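Spelled out, the chains give:
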Amino acid sequence: MKTFNYHSAKDVKEASKLASSSSAFLAGGMTTIPSMKLGLATYKNIIDIKGIKKLSGIKVSGKAVTIGATTKHAEVANSKEIKKAIPSLAALAEGIGDPQVRNRGTIGGSIANNDPAADYPSACIALNAVIHTNSRKIDAEKFFKGMFETVLKSGEIIEAIEFQVPQKSNYQKFPNPASRYAIVGVYVAKHKNGINVAVTGAKSCVYNDKDLAKTLSSNFSAASINNVRVSSSGMNSDIHASAEYRANMVKVFAKKAVEAC
Amino acid sequence: MKKIDVEINGKRISKEIPDHTLLSDFLRNILNLTGTHIGCDTSQCGACVVHVNGRSIKSCTAFATDLNGSKITTIEGLAKNGKMHPMQEAFKKMHGLQCGFCTPGMVMSAIDLLKNKKNPSDKEIRDWLEGNICRCTGYQNIVAAVKEAASKM
Amino acid sequence: MASLVGSRVERKEDKRFLTGKGRYTSDINIANQTYAVFIRSPHARAKIKKIDTSKALKASGVVDILTGEHIAKDKIGGLIAGWAIRSEDGSEMKCPPNPPLAKDNANFVGDPVAVVFAETLDEAKTAAELVKVDYKVLKAVSNLADTMNSEAIHEGIDKNLCYDWLLGDRQKVKEAFDKADKIIKLDIINNRLIPNAMEPRACVVDYNTASEEITCYTTSQNPHLSRLIMSAFGGVAPENKLRVVAPDVGGGFGSKINLYNEEIVCSWASKKIERPIKWVAERTESFLTDTHGRDHITHAELAVTNDGKFLGFKNETIANLGAYARVFGTVTPTYLFGPCATGVYVMPAAYSNVKAVYTNTAPVDAYRGAGRPEATYTIERIVDKAATELGMDPIEIRMKNFPTEFPFKQTLVHQVDSGDYAAGLNKAKEMADYDGFAARKKASESKGKLRGIGVTTYFEACGIAPSPVVMMLGCGVGLWESAEVRFNPTGQVTVYTGSHSHGQSHQTTFAQITADELGVPIENIDIVHGDTDKGTFGMGTYGSRSLTVGGIAIVNACKKIITKGKKIAAKMLEASEEDVEFKNGEFVVAKSNKKKTIGEVAFASYLPGVRDEVKSPLPEGEEPGLVESSFFDPANFSFPAGSHICEVEIDPETGDVKLDKYTAVDDFGTIVNPLIVEGQVHGGLAQGIGQALHENAQYDESGQLITASYMDYTMPRADNFPEFNIGFTCTKATTNPLGVKGCGEAGTIAATPTVMNAVINALGGEEISLPATAEKVWKACKSAKKTDAKAA
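Residues numbered from 1 in each chain as written. Chains lettered and ligands numbered in written order. Predicted model: local features only at pLDDT ≥ 70, side-chain atom pairs only at ≥ 80, totals over all residues. Heavy atoms only, no water.

## Details of the overall build of chain B
- Within chain B, the secondary structure is distributed over five helices and five strands.
- In summary, chain B has a C-alpha radius of gyration of 15 Å against a globular reference of 15 Å for 153 residues, a match within 12%.
- Dimensions of chain B along its principal axes, counting C-alpha atoms only, are 45 × 35 × 25 Å.
- Scored against the burial criterion, the 153 residues of chain B give a buried share of 68%.
- In the structure as shown, chain B presents an accessible area of about 5,100 Å², 49% of it carried by carbon and sulfur atoms.
- Of note, chain B has its 21 positive side-chain charges centred 6 Å away from the centre of its 15 negative side-chain charges. (Helix = DSSP H or I, 4+ residues; strand = E, 2+ residues; numbered from the N terminus. Rg over C-alpha atoms; globule rule 2.2 N^0.38 Å. Buried < 20%, exposed > 50% of the residue type's maximum accessible area, 1.4 Å probe, protein only. Areas by Shrake-Rupley, 256 points an atom, 1.4 Å probe, with all protein chains shown as cover. Lys, Arg positive; Asp, Glu negative; His and termini not counted. Charge placed at Lys NZ, Arg CZ, Asp CG, Glu CD.)

Rendered as structure tokens:
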């Protein structure tokens, strides 16, 4: 691996100030470190934000669950409060990677990285999340721009993610047999003000499937999805799943999620 | 270069190391604790699993600099006064290892499982071991070993 | 003393592995070592026009950079094929040169073209990026089916054909087919696999400038063979100046049989740069350059009567050798494959015709089972298809064609000494609750799921030996095994074996048989292997041969120890040799209570005289010491066999296949340690199931390996398997004194067809290619639905 300078930032301000075009923030490092090892990414400066206390922790109020950016997947998975408020969110965290990833990986890191097959982005979309950064609040729908791309600017740091507590919700995924990332993951959430069907893994970026959401709005049942045609256009195709197969899986896993709601 | 102070297997270690040193390289190349193994470069095989502050992590996917002040346990630190840990004993009793290469990571991961769940079911054990690949055993005797250890711990 | 053979002895080697004290090659460091990084062709097929190392040589920490030019200049030889196979027309096979560093042409992605040595690994990697290789990229030959119509990869090898081999009698087969009621036809692609031992390959080499001895620590299944090839064909150093050590090795599965480019290059270079060298493969390098397995295209035909009797069998196969022919590359798809393709059945006529071809992919060689999984897959799939087409039960059709007498002269080569195939199948049927399947199928269907059951009966020829046979078939060496048994003066025993354990548990099982032979406690027995400086020459471990060949050499050496011990004991006990019996570690004079323990005899053998209490004059003509060696060359292969039954449940909406139940009943003859044998079966099953459901090495049209990491190559994990239900039957091998048969590969050989038969059964007979991934199964479910709809 190419060498770099490691900084442990004491607060968000310092971390932000250290950022440049050749730096990366380090939280869990579950994507950053492997890509550096493989030479896919090189940085002059690594800014560790794990030491910033304010960025970690879970807060649950009646309407919202707010999770600090450096909160680990295992903490979300094991949080009694989250299990009570949004059980599907705790279950999603329980299903990310393997136990060692969950002991180290963070929600902020996952969202900032926006891997097209990651789980958390679908939770953000489905649960009408608001992403709090050190400079603004961003609606999840506007946050995810494309493959590995978000609206975050240089030096901007996610501080917390605020999820809206739904009436009911569920996340179901079909993992890639090799990497165990989602080939397709579908997060269905029924809110007072509408339904979201967030899909990850299927396209280059997480998205809200409006057709499925509309159908479920008029009839919230797995059977109603049977009549929806999910187009394979724009869907990913690789050695593990063709676009056509992914389109089918979106439908099947939407049904499974609705059934489990 | 950064100076780090850590406790490894109960011993305080203070070293000056390059910033980009992975924990696995720190253990293997600097401290000569070669029980922690490297089986892949994509953080998937789990041969390198160690405990940091009591939780299992993949040492190939953490910078040593980043763990300043931590308590680290490796496979070498499990046996006490020459007596193996119940998980190690169980792996031996149930023939949960063959070539031994994945074994250190497997044992460290399994111990973390029992910290989370005292009496895991077969399915819970198999699910937990998702991050540990073994090519020799077909996992059956590893599952048996974890259950055996659970009954003894 | 109770016999240890047959007991579940816990492993002697475990404590060091469990406490982090194993010593694998990558754990070894030598003072002042340099680090090697290989520069590999990124192209599947290219001419190497120029290599410019000038900038890299100036980089920080660089010690030297060597290329194929240096190799050629020093006349260092290349890698070799270990078996010479003749074509049907009598012509010799065609093999291209395989230099350790490619000089003129690179022939697969990962083919090494240069190597950098530097003070640190980081510096070596940085310098490697500065080496400029000017390639002329050529069109790659990567599609196996088109290979023979593609441009020749190697000069002088037309159609990329290594050989066109035939075993069997075409005329007899034609006659049999003419008499058939029905011909069953099957086309198969036997998917390419990557062995993936968890320890990546590595070597650490030290050269002593004074003694001129090279020591190469390496990840090998057979260090003596590596030394032989490196010396006799590589010309790196004479054998007496070359020490090869394979310390703890983290799995092999065939991929560590071969001597590889890196071992030759580092051994040669260590002498050249007069520095120790360490090289450790990254996982991606292992994916690209370890030998791969399988990769056949087969068309098979089975001639049957209407009541299910087999009349004849044809097997037409194209086998991929990859870019070069390696040690077992040429024999795997011929003698290890062809003879076993008629399976456990009485088959009046058969032939196997194999065309082995070169492609611009990694070399293909032995992978757990080597040829026999491909053979078993072919016959067991076509037998199932025959059952379906004839409307017969898959067990019934198999029972109908089993041999009833042993020895059984199998159609193409083998004389199978012992077995009872019906007993195994009956036991498996009962353990699997075969008769309860219909009810379970109904239960699955009520949940909207499909359920299928699959049966396989297999035999295999392993314990790869006997030398006269293998040499007649083309092997370049004899495949015996050696052992030396040494008593220390104070009574402990050290056994040196030419066999090698990289997970097989030799330290335990070999100690068990030694303990039984000599009556010495197992704690006092040490097994030494893996070092050419320790013990005699050995042939190593592959083809489930450790116990049946290497273990028997130990038994025979122990018998020689007893013979000599008897003479010494007789002298000590003042009895005649004929009156001395050896039992439970003691030499006893018949009809008396006079005896000496074997420890006392060993002690006496090292103190051949009379002084104070010591009174041990040796018999006349006997030399001091108690050390014996043996080279064992069995009269035949060993022939394990068995029956496996599994059930799968398929979700037709996703195509996801859940392996629900798996029953394996195997006949390995005498079992030395059931704990260990069960472990071998479990591991073998996982690899066979992996081939059926998960693993698939894929190259794209340009010859890039697109499954070159665990992100893309599906390695089976714990949650992919149910708990296996394991049972045994026993017919003892008649070709060795213990009655043992090989057990290492059986699980892999039987599991793939068992699972696929179940999947295809669930799909109502709809053919599907390996591996049965979710998407493929989903598509098959859809097309089956359409067919049903049409039929309705």
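Still to come is the rest of the account.
## A closer look at the overall build of chain C
- Helix and strand counts for chain C stand at 19 helices and 30 strands.
- Radius of gyration (C-alpha) of chain C: 28 Å, near the 28 Å computed for a compact globule of 792 residues.
- Taking the principal axes of the C-alpha coordinates as reference, chain C spans close to 100 × 75 × 50 Å.
- For chain C, long-range pairs separated by at least 24 residues make up 80% of all intrachain contacts whose partners lie at least 6 apart in sequence. (Contact = heavy atoms within 4.5 Å.)

## Structural notes on helix 9 (residues 372-390) of chain C
- Taking 1.5 Å of rise per residue, 19 residues should cover 27 Å, and helix 9 of chain C covers 26 Å from first to last C-alpha, within 8% of that figure.
- In terms of residue burial, helix 9 of chain C counts as a mostly covered element, since 16 of its 19 residues are buried. (Expected span 1.5 Å × (residues − 1).)

## Thoughts on the sheet that holds strand 30 (residues 725-729) of chain C
Residues and elements named next belong to chain C.
- Overall, mixed pairing links the four strands, which are arranged 18-28-29-30 in an open sheet. Where the open sheet ends on each side, the last strands, each with one partner, are strand 18 (450-459) and strand 30. Averaged over neighbouring strand pairs, the angle between their axes works out to 15° when direction is ignored.
- In this sheet, strand 30 lies alongside strand 29 (residues 656-667) in parallel orientation, the contact comprising five bridges. Across the sheet, Asp-667 pairs through a bridge with Thr-729, a residue of strand 30.
- Sheet strands in contact with helix 12 (residues 437-446) are strand 18, strand 28 (641-651) and strand 29, and its direction is about 145° off that of strand 18. (Pairing = 2+ DSSP bridges. Axes fitted to C-alpha atoms, helices over the stretch in contact; angles between N-to-C directions.)

## Quick notes on the domain arrangement of chain B
Residue and element names in this part refer to chain B.
- Splitting chain B by domain gives domain 1 (2-77) and domain 2 (86-152).
- Computed over C-alpha atoms only, the centres of domain 1 and domain 2 are separated by 21 Å.
- Taken together, the contact pairs 18 residues of domain 1 with 18 residues of domain 2.
- Here domain 1 and domain 2 share an interface that buries about 1,300 Å² over both sides, 55% of which is from carbon and sulfur atoms.
- Interface area lost by domain 1 to domain 2 is led by His-37, His-51 and Ile-75, which between them contribute 38%.
- For the interface between domain 1 and domain 2, the tally reads one salt bridge.
- Across the salt bridge formed by Arg-55 and Asp-112, the nearest N and O atoms sit 3.6 Å from each other.
- Inspection of the region where domain 1 meets domain 2 yields eight residue pairs in polar contact (both at pLDDT 80 or more).
- The set of elements that each furnish at least two residues to the side of domain 1 that touches domain 2 consists of strand 3 (49-52) and strand 4 (55-58).
- Residues that form the side of domain 1 that touches domain 2 fall into these classes: six nonpolar, ten polar and two charged. (Domains from an automatic or database assignment. Buried area = accessible area lost by both parts, 1.4 Å probe. Salt bridge = Lys/Arg side-chain N within 4 Å of Asp/Glu carboxyl O. Polar contact = N/O pair within 3.5 Å; in protein donor to acceptor, adjacent residues only side chain to side chain. Nonpolar A, V, L, I, M, F, W, Y, C, P; charged D, E, K, R; others polar.)

## As for the nonpolar core
- If you look at the biggest cluster of nonpolar residues, it comprises 206 residues, and the most contacted ones within it are Phe-91 of chain B together with Leu-302, Tyr-662, Ile-689 and Val-759 of chain C.
- Of the residues forming this core, the biggest block, ten residues, is contributed by helix 18 (residues 746-762) of chain C.
- Those residues in contact with Val-759 of chain C that sit more than four places away from it in its chain are Val-648, Ile-650, Val-657, Leu-693, Ile-768, Ala-772 and Val-777 of chain C.
- In terms of nonpolar packing, the next biggest core, distinct from the first, is built from 45 residues, Ala-483, Ile-552, Ala-557 and Val-601 of chain C among them. (Core = buried A, V, L, I, M, F, W, Y, C linked by side-chain atoms within 4.5 Å.)

## Notes on the interface of chain B and chain C
- Contacts between the two partners involve 45 residues from chain B and, on the opposite side, 53 residues from chain C.
- Buried surface at the junction of chain B and chain C, summed over both partners, amounts to about 4,200 Å²; 54% is from carbon and sulfur atoms.
- Applying the counting criterion to the chain B and chain C interface returns three salt bridges.
- For Arg-135 of chain B, the salt bridge is made with Glu-695 of chain C, and the minimal N-O distance between the two is 2.7 Å.
- For the pair chain B and chain C, the number of links is 27 residue pairs in polar contact (both at pLDDT 80 or more).
- Sorting the residues of the side of chain B that touches chain C by element identifies helix 2 (86-93), helix 3 (103-116), helix 4 (122-128) and helix 5 (140-152) of chain B as the ones contributing at least two each.
- Here the side of chain B that touches chain C takes four residues from helix 2 of chain B, the largest share from any one element.
- The residue inventory of the side of chain B that touches chain C, partitioned by class, reads 17 nonpolar, 18 polar and ten charged.

## Details of the packing of aromatic side chains
- Counted by the stated rule, this structure contains 28 aromatic pairs over all chains.
- With a centroid separation of 6.2 Å and 75° between ring planes, the pair formed by Phe-108 of chain C and Tyr-324 of chain C is classed as edge-to-face. Here the residue Phe-108 of chain C occupies a position in the loop between strand 4 (105-106) and strand 5 (112-118), and Tyr-324 of chain C occupies one in the loop between strand 14 (310-322) and strand 15 (349-358), the gap between them amounting to 216 residues. Both residues of the pair, Phe-108 of chain C and Tyr-324 of chain C, count as buried.
- Consider the rings of Tyr-345 of chain C and Phe-402 of chain C, whose centres lie 6.0 Å apart with planes at 5°: the pair is stacked. Residue Tyr-345 of chain C is located in the loop between strand 14 and strand 15, and its partner Phe-402 of chain C is located in the loop between helix 10 (394-401) and strand 16 (408-409); the two are separated by 57 residues in the primary sequence. With respect to burial, Tyr-345 of chain C and Phe-402 of chain C carry one shared label: buried.
- The aromatic ring of Tyr-207 of chain A is capped on one face by Lys-203 of chain A, whose charged end is 4.4 Å from the ring centroid. (Phe/Tyr/Trp six-rings, centres within 6.5 Å; stacked < 30°, edge-to-face > 60°. Lys NZ or Arg CZ within 6 Å of the ring centre and 35° of its normal.)

## Some words on unusual backbone geometry
- Between Phe-406 of chain C and the following residue, Pro-407 of chain C, the backbone shows a cis peptide bond with an omega angle of 0°.
- Within the secondary structure, Pro-407 of chain C sits in the loop between helix 10 and strand 16.
- Within the chain, Phe-148 of chain A stands out as a residue other than glycine whose phi angle is a positive 55°.
- On the secondary structure map, Phe-148 of chain A appears in the loop between strand 8 (144-146) and strand 9 (149-150).

## A closer look at the interface of chain A and chain C
- Across the boundary between the two partners, chain A contributes 21 residues, which contact 22 residues of chain C.
- Counting each side, the surface lost to burial between chain A and chain C is near 1,700 Å², with a carbon and sulfur contribution of 47%.
- Among the residues chain A hides against chain C, the three largest losses belong to Arg-180, Ile-239 and Tyr-245 of chain A. Together they make up 30% of the total.
- On inspection of chain A and its partner chain C, the count reaches five salt bridges.
- Between Glu-129 of chain C and Lys-2 of chain A there is a salt bridge, with the nearest N and O atoms lying 3.1 Å from each other.
- Linking chain A with chain C are twelve residue pairs in polar contact (both at pLDDT 80 or more).
- Per-element accounting of the side of chain A that touches chain C gives the leading share, eight residues, to helix 12 (residues 243-260) of chain A.
- Here the side of chain A that touches chain C is built from residues that sort into eleven nonpolar, five polar and five charged.

## Concerning the sheet that holds strand 10 (residues 158-164) of chain A
All names here are of chain A.
- As summarised here, the arrangement of the five strands in space is 4-5-10-6-7, forming an open sheet in which the pairing is antiparallel. Where the open sheet ends on each side, the last strands, each with one partner, are strand 4 (58-60) and strand 7 (137-139). Neighbouring strand axes in the sheet, compared pairwise and without regard to direction, differ in orientation by 20° on average.
- Strand direction decides the pairing type here: strand 4 and strand 5 (residues 64-68), joined by three bridges, are antiparallel. Bridged to Val-60 within strand 5 is Val-65.

## Comments concerning the pairing of strand 28 of chain C
Residues and elements named next belong to chain C.
- A large share of strand 28 lies buried, amounting to eleven of its eleven residues.
- Burial of the side chains of strand 28 extends over both faces: Ala-641, Ser-643, Ile-645, Glu-647, Glu-649 and Asp-651 are buried on one face and Gly-642, His-644, Cys-646, Val-648 and Ile-650 on the other.
- Alignment of strand 18 against strand 28, held across ten bridges, turns out to be antiparallel. Its bridge partner lying in strand 28, Thr-457 is registered against Ser-643.
- In this sheet, strand 29 lies alongside strand 28 in antiparallel orientation, the contact comprising eleven bridges. Bridging from a neighbouring strand, Ile-650 pairs with Val-657 of strand 29.
- In textbook terms, the turn of a hairpin is the stretch between consecutive antiparallel strands, and for strand 28 and strand 29 this stretch comprises four residues, one of which, Gly-655, has a positive phi near 80°.

## A closer look at the side chain of Ser-638 of chain C
All names here are of chain C.
- With respect to the helices and strands, the residue Ser-638 is situated in the loop between strand 27 (627-632) and strand 28.
- Classification of Ser-638 as buried rests on a relative accessible area of 3%.
- Not counting residues up to four positions away in its chain, the partners in contact with Ser-638 are Glu-460, Ala-461, Cys-462, Thr-548, Val-740, Lys-741 and Gly-742.

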